[in-house]
Amino acid sequence: MDGDRVEIDGGIMEGGGQILRVSTALSCLLGLPLRVRRIRAGRSQPGLRPQHLSGLEIIRDLCDGKLNGGEIGSTEITFTPGKIKGGTHVADTKTAGSVCLLMQVAMPCVLFAASPSELHLKGGTNAEMAPQIDYTVMVFKPIVEKFNFTFNCDIKRRGYYPQGGGEVVVQMSPVKELSPINLTERGTVTKIYGRAFVAGALPIKLAKDMSAAAVRCIRREIRDLYINIQPVREPDNQAVGTGSGIIIVAETSTGCLLAGTSLGKRGKNADKVGIEAAEMLLQNLKHGGTVDDSLQDQLIIFMALAKGVSRVKSGPITLHTQTAIHFAEQLTKAKFTVTKSEGEDPSNDTYIIECQGMGMINPNL
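All residue numbers refer to positions counted from 1 along the written sequence of the respective chain. Residue-level local features of this predicted model are given only where pLDDT is at least 70; pairs of side-chain atoms are given and counted only at 80 or more, and the full residue set underlies all totals for whole chains, interfaces and linings. In computing side-chain values, all of the structure's heavy atoms are included and hydrogens and water are not.

Undergrad: What is the right way to look at the domain arrangement of the chain in this model?
TA: When the parts of a complex come together, some accessible area is lost, and that lost area is often taken as the interface size. Per the annotation, domain bounds derive from an automatic or database assignment of domains. Domain annotation of the chain identifies domain 1 (6–183 + 291–358) and domain 2 (189–286). If you average the C-alpha positions of domain 1 and of domain 2, the two centres end up 25 Å apart. Contacts between residues were defined by any pair of non-hydrogen atoms, one from each residue, lying within 4.5 Å. Counting residues at the interface gives 24 residues for domain 1 and 26 residues for domain 2. By buried area we mean how much accessible surface two parts lose on assembly, using a 1.4 Å probe and totalling the loss over both. A buried area of about 1900 Å², summed over both sides, lies between domain 1 and domain 2, and 60% of it is on carbon and sulfur atoms. Among the residues domain 1 hides against domain 2, the three largest losses belong to Gln132, Met138 and Tyr160. Together they make up 31% of the total.

So this is what it looks like as structure tokens:
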């Protein structure tokens, strides 16, 4: 069997957990046995961390696969996928490891399962170095559903660094195939909204301060739009631990959604959290693309699986996106091209990511 394994170098390009997520999801979908070496070689603490291991375990369970080398700190795994089945699956990082990253690895697989799935994902809902669950629900969900599927995401409990303890339940039904997307027209910004949250021991005043600072920052650039950033205190029975943060979303006339987010932490003042998110949003609006930097790489696997040509206009291509494209091309028959977007405004640093998808068909439907 070993002669036929696809060999993946987990230390190149972005060199982090994303390589593992993209390659194991595609291995599961395409029935390709896989060996991943040098896992997270680019990180200060190389090898599998709890959230990466949980991601591998949920993929293994989804398809009755075989996983070798699945322990914390391991820098090499082999994975032999089986048949993707629906049903209820649980993944628990037992840390503040991101539930959104667990969702990223499992979601493409359950779309091609034999029956509907319910994923119970446990860990951190608002974690550093990962999309916040609010981003997943407010930005990722409405855009990714343009590939012609829907899912339900129920935030049962929020969990923060360091102990995690959050839980999100994702329900989705399988599809026959994915449609391509065309996101090339930005349109004009029509509204800006968001939520600034506190949980646990923190007072609502912090949420109000984050919101006010963010609004002031955006107002300097965008004067004529109503900005609605709700300060929220998460109910104690729906949040574990103490945390704070903010997400601000800009919606455009063509249905694009771009965001800026930031998390509070000890010693970081509330104004700074609000301003960070506002500046990130303004930066994402400046380049003229239809997706923000956080969404760019998350769309790649769906573009690769879809039937037909997808086109997305983005700002500068992130290393995460380059990495996702590299491994999607290595494992599927999808073909990507990235071209500088000519036209409107030469100062705009925009690109068209085009993909001739492989046209994955669900064999179970």
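Resuming the write-up.
Undergrad: Which parts of the structure should I look at to understand helix α2 (residues 50–62)?
TA: Count 3.6 residues to each turn of an α-helix, and residues three or four apart come out pointing the same way. A rise of 1.5 Å per residue sets the reference length of α2, with its 13 residues, at 18 Å; its end C-alpha atoms lie 18 Å apart and thus fit the reference within 8%. Relative accessibility decides the category of a residue: with a 1.4 Å probe and only protein chains considered, values under 20% of the type maximum give buried, values over 50% give exposed, and everything between is partly exposed. Where helices and strands are cited, they refer to DSSP runs of H or I of at least four residues and of E of at least two residues respectively, numbered from the N terminus. Buried residues of α2: Gln51, His52, Leu53, Ser54, Gly55, Leu56, Ile58, Ile59 and Leu62, and no others. Structurally, α2 contributes buried residues whose contacts are with α1 (17–30), β3 (66–68), β4 (77–80), β5 (87–92), α3 (99–110) and β6 (117–123). One or two steps after α2, the chain reaches aspartate 64, where phi turns positive at roughly 50 degrees. Here a helix's expected span is defined as the number of its residues, less one, multiplied by 1.5 Å.

Undergrad: Explain α1 to me, please; I cannot follow it from the model alone.
TA: Compared with an ideal rise of 1.5 Å per residue, which puts 14 residues at 20 Å, α1 spans 20 Å between its outermost C-alpha atoms and is within 8% of the ideal. Taken across its 14 residues, α1 has 13 buried, putting it largely inside the fold. Once α1 finishes, glycine 31 follows within two positions and takes phi at roughly 70 degrees, a positive value.

Undergrad: Could you clarify how one ought to interpret the packing of α2 against α3 in this entry?
TA: The angle between the axes and the distance between the axes are what describe a pair of packed helices. Close contact between α2 and α3 brings their axes to 9 Å; oriented N to C, the two are set at 15 degrees. By the angle between their axes, α2 is roughly parallel relative to α3. In the crossing of α2 with α3, the sense of the turn from one axis to the other is right-handed. For the pair formed by α2 and α3, the contact residues are Gln51, Ser54, Gly55, Ile58, Ile59 and Leu62 on the first element and Leu101, Leu102, Val105, Ala106, Cys109 and Val110 on the second. Any residue outside Ala, Val, Leu, Ile, Met, Phe, Trp, Tyr, Cys, Pro, Asp, Glu, Lys and Arg is labelled polar, Gly included; the first ten of those are nonpolar and the last four are charged. Its residues assigned to classes, the contact of α2 with α3 comprises 9 nonpolar, 3 polar and no charged. A fitted line through C-alpha atoms serves as each axis, taken over the contacting stretch for helices, and the angle formed by two N-to-C directions is quoted from 0 to 180°. Any angle that falls under 35 degrees is termed roughly parallel, while one over 145 is termed roughly antiparallel, one within 65 to 115 roughly perpendicular, and all others oblique. Left-handed describes a crossing whose near helix is turned anticlockwise from the far helix through less than a right angle; right-handed describes the clockwise counterpart.

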